[in-house]
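# Survey of secondary and tertiary structure
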Amino acid sequence: MNGQAVEFPKQALLTRLALSDSGFVFDPVTGNSFTVNTSGLSILRLLQKTEDWTDIIATLQADFEVSYSVAERDVLEFATALRSAFK
Amino acid sequence: MKQTWVKPFLTPHRMGGMNKFGAVRAQNHQSDLDGVEIAPLLEKYGSPLFIVSEKTLRDNVRRLRRAFATRWPKVRHGWSYKTNYLAAICNVLHQEGSWAEVVSEFEYRKARANGVPGSRIIFNGPWKPNDILELAAQEGATIHLDHLDELYALEQVACKLGKQVPVGIRLNFDTGYTDSWSRFGFNLESGAAKDAVQRIAASPWLKLTGLHSHIGTFVLDVRAYAAQIRIMTDFMEQVERDTGCVIGYLDIGGGFASRNALQGMYLPPDQIVPSFEQYAEAICGTLMEATQGRVAAGKPLPTLILETGRAVVDDAEILVTTVVGGKRLPDGRRGAILDAGLNLLFTAFWYNHEVKPLRPLNGIAEETVLYGPLCMNIDVVRASIMLPPLNVGESLVIRPVGAYNNTQWMQFIQRRPAVVMVTQNGDVAVIRASEQLEDVSGLEQVPQALQVPFPQGLPA
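Residues numbered from 1 in each chain as written. Chains lettered and ligands numbered in written order. Predicted model: local features only at pLDDT ≥ 70, side-chain atom pairs only at ≥ 80, totals over all residues.

Attention now moves to the domain arrangement of chain B. Domain annotation for chain B reports domain 1 (32-51 + 317-434) and domain 2 (124-308). Counting residues at the interface gives six residues for domain 1 of chain B and six residues for domain 2 of chain B. (Domains from an automatic or database assignment. Contact = placed C-beta atoms within 7 Å.)

Now the structure itself:
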């Protein structure tokens, strides 16, 4: 999988999000709020720092009990959800 | 220590849309049916799998009978074969005392093959071919005429047999509550029903003994049945007065709603679907009022015949299906692809079936679309349902599915799966084996010249 091919929302947009440990996500510009689960929260926090695909998957594998292929598949799907939520 | 991985999701918070009457679900998963674990059944018989509860089936029909028999002296239930004619299901209901209610030559022969004598068959439907009409007349089935051509056909059959055949006629009329199903039977308001009665009275071969009508399906307002009874009893008095016949029974058809959620219905079924007792109260109370003078006049009280199908069998059967894939839709919703779709669940066209995971799942529920496996855009089992994250291999229980699915299912690009029954004593019996390719292709015949797909060698 080439991480360059995966399109996430712009990093500036993601870094402005307020994330709480309980999974509450707030976008101060639009006023929209969301609930995110533990794995989703980890991905959002990673994306606020990096867009490097390899780093993201490796960190998730270090923090969670998950295989490479499952993590890759689920993050790809999560990217679709992020693009839809943060246009 | 590493954390457990759950599919990542992000759910937007939306204002409004809450239903203040919304019921709180006591349990968010279903792992057994009548105490029998479902997961091992999936291992043994494969997914998808229909599972029938014999106990629920018997309980339902007993409740129906009790509700009516405690309010009216003469009650008969005809099991509506078209609702679910798997032989094991039919025979459970026959063992409970139900007659067979059939609507075609195929169903008549199916009832006979199940061991039901013709004298315990109610024969409805708009097309009864001559040979089966003759057999039904010979065997003493309760025949309900649908139209004038059938009246003449039966008269000829009776003449040929050399005996007078008792007969009922199907009526249609406006109750003011449901759409009149004017395509079935003789219309009351236009005078067609009266003409048919007069024609029967004039025949030496036919004898009018009963009246039948079916006012609709999934009827939620019990007052519709009260109106039906008033109209039918008025007509009964009129035809007895006009022709001197004696009406022995009133067959009010089916139409009682099951505990299923019609699409577009605002309230949950538990709050909106009348109980058998509520139907019975409206029907028998009206019948009691309308027939008060009959006993004093020396006329018999009519037997009340019910053809309740859906409300008896629907919640006695579940469909267990398994997630085979998932995707994130462009609008942000999650899509899950199941191994069972509209091919097995015809009723998904009009119901929002209840769907529960087979085991407790982690994660917050999010809006999900459940798709079937068909290569058709309309193959949607639930257009919108809140479910936790679903991995491939997770199984879901869909209910209630007992009515109309095992009779209207299609063999379209998939084989139909097994149906098993959890019996009263907790055993599990296959009541319909899963189809094999040979079951479908075995009926086909290929001409000699078409035996080989590529006689000139493989195409490029």
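Still to come is the rest of the account.
Turning our attention to the nonpolar core. Residues and elements named next belong to chain B. Among the nonpolar cores identified, the biggest contains 114 residues, and Ile51, Ile121, Leu154 and Ile283 are the most heavily contacted of them. For this core, the leading source of residues is helix H8 (residues 223-243), giving eight residues. Each of two domains, domain 1 (32-51 + 317-434) and domain 2 (124-308), supplies a minimum of three residues to this core. (Core = buried A, V, L, I, M, F, W, Y, C linked by C-beta atoms within 7 Å. Buried ≥ 20, exposed ≤ 12 C-beta atoms within 10 Å, placed from the backbone. Helix = DSSP H or I, 4+ residues; strand = E, 2+ residues; numbered from the N terminus.)

Another point: unusual backbone geometry. All names here are of chain B. Residue Ser47 is joined to Pro48 through a cis peptide bond whose omega torsion reads 0 degrees. Position of Pro48 relative to the elements: it lies in the loop between helix H1 (38-45) and strand S5 (49-53). With an omega dihedral of -15 degrees, the bond running from Arg399 to Pro400 counts as a cis peptide bond. You can see Pro400 is positioned in the loop between strand S20 (395-399) and helix H12 (405-408). One non-glycine residue, Phe218, lies in positive phi territory at about 55 degrees. The partly exposed category is assigned to Phe218, around which 19 C-beta atoms lie within 10 Å. If you check the backbone angles, Ile413 has positive phi at about 55 degrees while not being a glycine. Structurally, Ile413 is set in the loop between H12 and strand S21 (419-422). In this structure Ile413 comes out as exposed when scored by C-beta crowding, with 11 C-beta atoms within 10 Å.

Our next topic: helix H6 (residues 148-161) of chain B. Residues and elements named next belong to chain B. With 14 residues, H6 extends 20 Å from end C-alpha to end C-alpha; this agrees with the ideal 20 Å at 1.5 Å per step. Among all positions in H6, only Glu150, Leu154, Val157 and Ala158 are buried. Down the axis of H6, the sector holding all buried residues measures 100 degrees, keeping them to one side. Turned more than 90 degrees from where H6 packs its buried face, Asp149 and Lys160 sit exposed. Taken together, the buried residues of H6 touch helix H5 (130-139), strand S9 (142-145), strand S10 (165-172) and strand S12 (206-213). (Expected span 1.5 Å × (residues − 1). Arc of directions from axis to C-beta.)

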